[in-house]
Amino acid sequence: GAGVSQSPSNKVTEKGKDVELRCDPISGHTALYWYRQSLGQGLEFLIYFQGNSAPDKSGLPSDRFSAERTGGSVSTLTIQRTQQEDSAVYLCASSPRGRGAYEQYFGPGTRLTVT
Amino acid sequence: QKEVEQDPGPLSVPEGAIVSLNCTYSNSAFQYFMWYRQYSRKGPELLMYTYSSGNKEDGRFTAQVDKSSKYISLFIRDSQPSDSATYLCAMRAQGGSEKLVFGKGTKLTVNP
């Protein structure tokens, strides 16, 4: 079946511009996660959505970052006024279980470059 | 001290070698331990999952968790060139936040 898809695969933007990154989770998966992977760094948790519950935003690095999930499916991560330190691969994952999930399926990521 | 420490390598071994990959952690609340494999320019894929302490074997892969030492390992037997990838350990606590805490990953190259 179809896995997690993300678009665009690559994005180059100028400093100060806003960007939107999209994630399509696996159909039927209730949980959706965003992570960031910077050069030389591990994956850094950003935000987690579970059903209709309030999202866990504890990993968002600043108020320039926001995310939404519409209809319990597609999610968009928005970065406003991008900075060079925002350059990274942004990974989305989904999970078939709610709380207690231990198996997350990752998409291929969006490589963001801020010039 | 970071919650999860992982030697980034790189690690280079000949084909057929036994590979040992390790992570240490500081948060005693971690109960779920996972190993992900990530090929270049791809998303991570789950290899092994272990709950609490103990060993788990799946084909050429064995995962071990020693909670008393806060130390986890992944062993790869009869390594193959196709095993060349970055291996990431990940952990999470029971209950509470669903987020995974990852190590930085170890880059492995298996030479034919």
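Check the entry above for the structure.
Residues numbered from 1 in each chain as written. Chains lettered and ligands numbered in written order. Predicted model: local features only at pLDDT ≥ 70, side-chain atom pairs only at ≥ 80, totals over all residues. Heavy atoms only, no water.

## What to know about the state of the cysteines
All names here are of chain A. What counts, and what does not: For the purposes of this analysis, a disulfide is any pair of cysteine sulfur atoms at a distance within 2.5 Å. Under the scheme used here, helices are H or I runs from DSSP no shorter than 4 residues and strands are E runs no shorter than 2 residues, and both carry numbers assigned from the N terminus. For every residue, the accessible area obtained with a 1.4 Å probe (protein chains only) is divided by the maximum for its type, and the residue is called buried under 20%, exposed over 50%, and partly exposed between those limits.
Counted according to the given criterion, the structure contains 2 disulfides over all chains. With a sulfur-sulfur separation of 1.8 Å, Cys23 is cross-linked through a disulfide to Cys92. Handedness of the Cys23-Cys92 disulfide follows from its S-S torsion of about -65 degrees: it is left-handed. Residue Cys23 is found in strand β3 (residues 19-24), and its partner Cys92 is found in strand β8 (residues 88-95); the two are separated by 69 residues along the sequence. For the pair formed by Cys23 and Cys92, the shared burial category is buried.

## Considerations on the environment of Tyr90 of chain A
Residue and element names in this part refer to chain A. Inclusion rule: The contact criterion used is simple: two residues touch if any of their non-hydrogen atoms lie within 4.5 Å.
Looking at the secondary structure, you find Tyr90 in strand β8. By relative accessible area, which is 0% here, Tyr90 ends up buried. Residues Tyr90 and Leu46, 44 residues apart in the sequence, show an inter-C-alpha distance of 9.5 Å. The contact partners of Tyr90, leaving out residues within four places of it in the chain, are Gln6, Leu21, Trp34, Tyr35, Arg36, Leu46, Phe65, Leu77, Ile79, Gly109, Thr110 and Leu112.

## What to know about the layout of surface pockets
Heads up, the condition is: Both site types are read off a 1 Å grid over the protein atoms alone. A 1.4 Å probe that fits but cannot get out defines a cavity, while an open set with protein on both sides within 12 Å along at least five of seven lines defines a pocket; lining residues have an atom within 4 Å of a point. Grid points are joined across faces, edges and corners, and a volume is the space filled by probe spheres set on the points. Side-chain classes are defined by residue name, with Ala, Val, Leu, Ile, Met, Phe, Trp, Tyr, Cys and Pro counting as nonpolar, Asp, Glu, Lys and Arg as charged, and the others, Gly among them, as polar.
The volume enclosed by the largest pocket comes to roughly 810 Å³. Taken together, 32 residues line the largest pocket, and the ones lying closest to its centre are Gln37 and Arg111 of chain A together with Gln38, Ser40 and Arg41 of chain B. Elements that contribute at least two residues to the lining of the largest pocket include exactly β8 and β10 (110-114) of chain A together with β9 (85-93) and β11 (106-111) of chain B. The element best represented in the lining of the largest pocket is β11 of chain B, accounting for 4 residues. For the lining of the largest pocket, the class distribution of residues is 11 nonpolar, 16 polar and 5 charged. In this model, the second largest pocket occupies a volume close to 310 Å³. What lines the second largest pocket is a set of 16 residues, among which Leu43, Glu44 and Phe45 of chain A together with Lys2 and Val101 of chain B lie closest to the centre. It is strand β5 (residues 43-50) of chain A that provides the largest number of residues to the lining of the second largest pocket, a total of 3 residues. Of the residues that constitute the lining of the second largest pocket, the class distribution is 6 nonpolar, 5 polar and 5 charged.

## Focus: the interface of chain A and chain B
Inclusion rule: As used here, buried area is the combined drop in accessible area, with a 1.4 Å probe, of two parts when they are placed together. Every case where a carboxyl oxygen of Asp or Glu lies within 4 Å of a side-chain nitrogen of Lys or Arg is listed as a salt bridge.
Contacts between chain A and chain B engage 23 residues on the former and 21 residues on the latter. Summed over both partners, the interface of chain A with chain B comes to about 1800 Å²; 52% of that surface belongs to carbon and sulfur atoms. At the junction of chain A and chain B, the tally comes to 0 salt bridges. Every element with two or more residues in the side of chain A that touches chain B is listed here: β4 (31-37) and β5 of chain A.

## Regarding the nonpolar core
The following threshold applies: Nine residue types can take part in a nonpolar core, namely buried Ala, Val, Leu, Ile, Met, Phe, Trp, Tyr and Cys, and a core is a set of them joined through side-chain atoms within 4.5 Å.
With 25 residues, the main nonpolar core has Val4, Trp35, Ile72, Leu74, Tyr87 and Met91 of chain B as its most contacted residues. Elements with a contribution of two residues or more to this core: β3 (19-25), β4 (30-38), β5 (45-51), β7 (61-66), β8 (71-76), β9 and β11 of chain B.

## Concerning the sheet that holds β3 of chain A
Residues and elements named next belong to chain A. Here is the rule: A pair of strands is labelled paired if DSSP reports no fewer than 2 bridges between them. All axes here are fitted lines through C-alpha atoms, helices being fitted over the stretch that makes contact, and every angle between N-to-C directions spans 0 to 180 degrees.
Reading across the sheet, the 4 strands line up as β1-β3-β7-β6 and stay open at both edges, with antiparallel pairing between neighbours. Lying at the two open borders of the sheet, with one neighbouring strand each, are β1 (5-7) and β6 (65-69). Across the sheet, the mean angle separating the axes of adjacent strands is 15 degrees when strand polarity is ignored. Strand direction decides the pairing type here: β3 and strand β7 (residues 75-79), joined by 5 bridges, are antiparallel. Opposite Val19, over in β7, you have Ile79 as the bridge partner.

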